[in-house]
Amino acid sequence: MTIETAPPKPINGIVVPPRGRTAALLTLTFGTFVVGTGEFSIMGMLPEFASSLGLSPADAGYAITAYALGVVIGAPLITVLGARLSRRELLLLLLLLFCAGNVLSILMPTPGLVEVARFITGLPHGALFGISALVAASMVERSRRGWAVGRILSGIAIATLLGAPFSTFAADHMGWRVAYLIIAVLGFVVFLGVLRYIPADTPNRANSPLREVTALGNTQVLLTLLTAAIGFGGMFAIYTYLTSVLQDVTHVPEWLIMVFMVVWGLGMLAGANIGAWIVDRNLDLAAILALAGSVLAMVVFPVLLHNIYGLMLDVFLIPAFVNALGPALQTRLMDFAGDAQTLAASLNHSAFNIANALGASLGSQLLAWHYGYGALGMGGGQSFRLGGLLVYLLAVAILKKSGIAEVREPIL
């Protein structure tokens, strides 16, 4: 049964016809694409960004950290403050804040103020992704939640496949500020799409802002979030400096850098879809395969730095394994979060960007200590991905020991 032929299903009390669900899913996917482009674009245009502001690549990386910290703080804060809003109302406000942050990034004249603007832009990120995933999952039957979440999260992969390379091109030829202007305009297009295609659900005006916070005292929720906070970090240690690696170590021509970025995006897209397919069959297997596979892919990264073809294969495999983890963790949180669905979904992306901040900071520190670019793979693979795998295995072991055979039906 496909999404187009499934009978209408209520979304928070609103029945959406099949065609309407298709338009809504496409809108949400385009939204994650735009927001993902806003997050990842700076990594591809880091050399031009650093040069225009008079910074070294290592110092310019702190703008990435600022954005990630905005996500970490914004996801729980905005979700709690917006507890009495409907999901549609909250999505619209978050999109406006995202657009405003990108415009501020364009206008700020100094590196410090640009970092402040990137922090503001990151504030709505986690809640945008989390609420989008919940709305998508509420449109399909329980057995297809992984597919729905994977479809929405594939917007991130498409961002690395198309959005980030285009941003790199725009930055190289028109400047990084123009690239952010385009992202702001696209963000407003998403705003109009949500206004048109996402059904107006009924808000719970009586809901307490602290209700979801108190509902988070679940060991499985906390360990799942910890897996995300640790497990995703290794990818950012590599992706942040991939352009510099290709220029300074592998010595590829400029046009081939774009090819590597596209290959990275293809890996993310493949991972999101394959991971979602496995989630709907065996959630734990999907998470464990993603974590273990990415450890191996990152550990061999230093060995392949001078081999263009081997490095290109690894540049595909690293994001493929990493992104396969996303649908698994997002779906697992739906199973265990109970009344804290919105906050847990948002915190998953907050945890994801804790990993972003840790990964970018680790990369900057390793380079500052003169360990070389090869250390990005060993450090990321061993310290982050292996740690995430151990935390996830601990969560599975605790669940089995508790004797819980089934999880609670998610409240979407």
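For the structure itself, look to the data block above.
Residues numbered from 1 in each chain as written. Predicted model: local features only at pLDDT ≥ 70, side-chain atom pairs only at ≥ 80, totals over all residues. Heavy atoms only, no water.

(A) Up close: the overall build of the protein. Check the secondary structure of the protein and you find 17 helices and two strands. Per-residue burial over the protein gives 60% buried out of 412 residues. The long-range share in the protein, meaning contacts at least 24 apart out of those at least 6 apart in sequence, stands at 83%. Accessible area of the protein: about 15500 Å², with a carbon and sulfur share of 70%. (Helix = DSSP H or I, 4+ residues; strand = E, 2+ residues; numbered from the N terminus. Buried < 20%, exposed > 50% of the residue type's maximum accessible area, 1.4 Å probe, protein only. Contact = heavy atoms within 4.5 Å. Areas by Shrake-Rupley, 256 points an atom, 1.4 Å probe, with all protein chains shown as cover.)

(B) View of the packing of helix H12 (residues 242-250) against helix H13 (residues 254-279). As a packed pair, H12 and H13 sit with axes 10 Å apart at the nearest point and diverge in direction by 140°. Considering their axes alone, H12 and H13 lie oblique with respect to each other. Here H12 runs over H13; the crossing is right-handed. Two secondary-structure elements touch here, H12 through Leu-242, Thr-243, Leu-246 and Gln-247 and H13 through Ile-257, Phe-260, Met-261 and Trp-264. Among the residues making up the contact of H12 with H13, the classes are represented as six nonpolar, two polar and no charged. (Axes fitted to C-alpha atoms, helices over the stretch in contact; angles between N-to-C directions. Parallel < 35°, antiparallel > 145°, perpendicular 65-115°, else oblique. Left-handed = near helix turned anticlockwise from the far one by under 90°. Nonpolar A, V, L, I, M, F, W, Y, C, P; charged D, E, K, R; others polar.)

(C) Representation of helix H14 (residues 283-299) in the model. For H14, with 17 residues, the first-to-last C-alpha span of 25 Å sits near the 24 Å given by 1.5 Å per residue. Inspection of H14 places Leu-283, Ala-286, Ala-287, Ala-290, Leu-291, Gly-293, Ser-294, Val-295, Ala-297 and Met-298 among the buried residues, and these make up the whole buried set. The distance from a side-chain oxygen at the start of H14 to the backbone nitrogen of Asp-284 is 3.4 Å, and the residue carrying that oxygen is Asn-282. (Expected span 1.5 Å × (residues − 1). Polar contact = N/O pair within 3.5 Å; in protein donor to acceptor, adjacent residues only side chain to side chain.)

(D) Looking closely at the nonpolar core. If you look at the biggest cluster of nonpolar residues, it comprises 109 residues, and the most contacted ones within it are Ile-42, Phe-49, Trp-176, Phe-232, Tyr-239, Trp-264 and Ile-318. A per-element tally of this core places helix H7 (residues 145-174) first, with 10 residues. Discounting chain neighbours no more than four positions away, the residues touching Trp-176 are Met-45, Glu-48, Phe-49, Ser-52, Leu-53, Ser-105, Val-114 and Ala-171. Residues Val-80, Leu-225, Ala-337 and Ala-340 belong to the second largest nonpolar core, which totals 12 residues. (Core = buried A, V, L, I, M, F, W, Y, C linked by side-chain atoms within 4.5 Å.)

(E) Up close: the environment of Gly-310. Structurally, the position occupied by Gly-310 is in helix H15 (residues 308-336). Residues Gly-310 and Val-300 lie 10 residues apart in sequence; the distance between their C-alpha atoms is 9.7 Å.

(F) Just the pattern of salt bridges, in detail. Evaluation of the coordinates by the stated rule reveals two salt bridges. Between Arg-145 and Asp-335 there is a salt bridge, with the nearest N and O atoms lying 3.0 Å from each other. Pair noted here: Arg-145 is in helix H7 and Asp-335 is in helix H15, with a separation of 190 residues, a long-range link. The pair formed by Arg-145 and Asp-335 is uniform in burial state, with each residue classed as buried. Taking the shortest distance from any N to any O, the salt bridge between Arg-332 and Asp-284 comes out at 3.9 Å. (Salt bridge = Lys/Arg side-chain N within 4 Å of Asp/Glu carboxyl O.)

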